[in-house]
Amino acid sequence: MADFLDHPTAVRAEEQLDASRLEPFLGTHFPGKAGPLVVEQFPSGHSNLTYLLRSGDRELVLRRPPFGSQVKTAHDMRREYRVLSKLHPAFPEAPKVLLYCEDTAILGAPFYLMEPIHGVILRRDPPAGLPFPAATARRLGESFVDLLARLHRVDYRAAGLGDLGKPEGYLDRQVRGWTERYHGSRTHDRPEVERIVPWLNAHLPRASDSTLIHNDYKYDNVVLDRADIANIVGVLDWEMATLGDPLSDLGTALAYWVDAGDPDELQKVRWGPTTLPGSPTRAQIVERYAQKSGRDPANVAFYLAFARFKIAVIVQQIYYRYRQGVTKDERFARLDEVTAILLRASLRTMETGSV
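Residues numbered from 1 in each chain as written. Predicted model: local features only at pLDDT ≥ 70, side-chain atom pairs only at ≥ 80, totals over all residues. Heavy atoms only, no water.

### Re the overall build of the protein
When its secondary structure is counted, the protein shows 11 helices and 9 strands. Taking 355 residues into account, the globule formula puts the C-alpha radius of gyration at 20 Å, and the protein, at 20 Å, falls close to it. Relative to its 355 residues, the protein shows a buried fraction of 52%. The contacts of the protein with a sequence gap of at least 6 include a subset with a gap of at least 24, amounting to 73%. Separation of charge centres in the protein, based on 45 positive and 46 negative side chains, amounts to 2 Å. (Helix = DSSP H or I, 4+ residues; strand = E, 2+ residues; numbered from the N terminus. Rg over C-alpha atoms; globule rule 2.2 N^0.38 Å. Buried < 20%, exposed > 50% of the residue type's maximum accessible area, 1.4 Å probe, protein only. Contact = heavy atoms within 4.5 Å. Lys, Arg positive; Asp, Glu negative; His and termini not counted. Charge placed at Lys NZ, Arg CZ, Asp CG, Glu CD.)

Quick look at the structure:
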């Protein structure tokens, strides 16, 4: 049987871990290791860094902030560890965390360790040779929406996450905060921003309610069962999870979702295989989410316009780090083009009022 699982590769040169310090640390906290430490890296992430550690037959996943980042709130390992430690019992698709380390003498930054979730992760296109018929694409799209609705039903207070965020005024703070982040990482003049930001501030909807939200929900952040890739067995990358408006989570998922009929430039920033036959459209995703959650998506165009703006700012921050020489990862060299495409898409959503 072909192996379509998500595998790590060699660690990028500028993101090496100090094995001479890490190995004895692991030996202290995970005694009985059966072999030398092997460190590999999951290469596709753009924010916090993720590594696979092997020692004999034991495997651990390590998460740490990107090297050189000064945005502490965006890479708070303690917070991410705490969220997962509380969430996993209530939402088993969240990773099971094992240990948090705040001693920067080990790796130069705080980090945490968790159990790996083995499965298939879809990037821009399915792995070569992986069967992906229309019926599978449809079922996976439905599972993707249904799992988001189930996350929004988690009783976050019972899970011990009632103090994770401040739901009141969430959208106002989000618009203001992402606007500030854009100006703090600006490298080009983008006239779209001068139209988008006032519109967002003028059209803030009343929040539908408050739930736990993932804030970066997309295909390459979910892990699929290799025996049935329409079955989601894990959800990764919880660094932006908080309490807030669940429709903003839906908006983020829609912002990453490219329809087959979208303009050519939006096709350039497709994150997953969402244009293949059988895949639901954004409008169908909204309809199914409304059915599963009971929420009114009347203002969904606002959430999509804002999410596209937010993702544009995230991409811009990464590009800014590249321009400043903080990272030399050549994947980031043309992210300014992605920022521009997403801002134009946000503007179109704002103007048309349609998903």
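Alright, that's what it looks like, and here's the rest.
### A closer look at the sheet that holds strand S4 (residues 97-101)
The antiparallel open sheet is built from 5 strands, whose spatial order is S1-S2-S3-S5-S4. Looking at the sheet topology across the chains shown, the edges are occupied by strand S1 (37-41) and S4. Across the sheet, the mean angle from the axis of one strand to that of its neighbour is 25 degrees, orientation sign disregarded. Direction of pairing for S4 relative to strand S5 (residues 111-114): antiparallel, over a ladder of 4 bridges. The partner of Val97 across the bridge, within S5, is Met114. Relative to the sheet, helix H2 (residues 77-87) contacts strand S3 (58-64), S4 and S5, its axis offset from that of S4 by approximately 160 degrees. (Pairing = 2+ DSSP bridges. Axes fitted to C-alpha atoms, helices over the stretch in contact; angles between N-to-C directions.)

### Description of the nonpolar core
Counting 92 residues, the largest nonpolar core has Phe91, Leu200, Tyr217, Trp238 and Phe309 as the members making the most contacts within it. The element that contributes the greatest number of residues to this core is helix H10 (residues 300-323), accounting for 16 residues. Look past the residues within four positions of Phe309 in its chain and what remains in contact with it is Trp178, Thr179, Val193, Ile196, Val197, Leu200, Leu343 and Ser346. Residues Val11, Phe25, Leu62 and Leu107 belong to the second largest nonpolar core, which totals 18 residues. (Core = buried A, V, L, I, M, F, W, Y, C linked by side-chain atoms within 4.5 Å.)

### Details of the pattern of salt bridges
Evaluation of the coordinates by the stated rule reveals 25 salt bridges. Linking Asp262 and Arg282 is a salt bridge whose minimum nitrogen-to-oxygen distance equals 2.7 Å. Taken together, the residues span a long stretch of sequence, with Asp262 in the loop between helix H7 (246-256) and helix H8 (264-267) and Arg282 in helix H9 (residues 282-293) at a distance of 20 residues. On the basis of relative accessibility, which here comes to 13%, the residue Asp262 falls in the buried class. With a shortest N-O distance of 2.9 Å, Glu265 and Arg344 are connected by a salt bridge. (Salt bridge = Lys/Arg side-chain N within 4 Å of Asp/Glu carboxyl O.)

### Here's the deal with H10
In a regular helix each residue adds 1.5 Å, so 24 residues correspond to 34 Å; H10 covers 34 Å between its end C-alpha atoms and thus fits that length. The element H10 is largely enclosed, with a buried count of 21 among its 24 residues. Remark: Gly325 follows H10 within two positions and exhibits a positive phi of approximately 80 degrees. (Expected span 1.5 Å × (residues − 1).)

### Remarks on unusual backbone geometry
Residues other than glycine seldom take positive phi values, yet Asn215 does so here, at roughly 85 degrees. Mapped onto the fold, Asn215 is located in the loop between strand S6 (211-213) and strand S7 (222-225). Classification of Asn215 by relative accessible area gives buried; the value is 6%. Positive phi outside glycine occurs at Asp237, with the angle close to 60 degrees. Counting through the fold element by element, Asp237 comes out in the loop between strand S8 (228-235) and strand S9 (242-244).

### Thoughts on the packing of H7 against H10
One can describe the packing of H7 onto H10 by two numbers: an axis separation of 8 Å at closest approach and a directional angle of 65 degrees. H10 is crossed by H7, and the crossing has right-handed handedness. Taking contact as the criterion, the partners of Leu247, Ser248, Leu250, Gly251, Thr252, Leu254, Ala255 and Tyr256 in H7 are, on H10, Val300, Tyr303, Leu304, Ala307, Arg308, Lys310 and Ile311. Split by residue class, the contact of H7 with H10 holds 10 nonpolar, 3 polar and 2 charged. (Left-handed = near helix turned anticlockwise from the far one by under 90°. Nonpolar A, V, L, I, M, F, W, Y, C, P; charged D, E, K, R; others polar.)

### A look at the pairing of S3
The buried count for S3 comes to 5 of 7 residues, which makes it a mostly enclosed element. Direction of pairing for strand S2 (residues 49-55) relative to S3: antiparallel, over a ladder of 7 bridges. Bridge assignment links Thr50 to a residue of S3, and that residue is Arg63. Linking two consecutive strands that pair antiparallel, namely S2 and S3, is a turn of 2 residues; a positive phi of about 65 degrees is found at Gly56 within it. Pairing geometry for S3 and S5, over 3 bridges, is antiparallel. When the sheet's bridge partners are listed, Val61 is paired in S5 with Met114.

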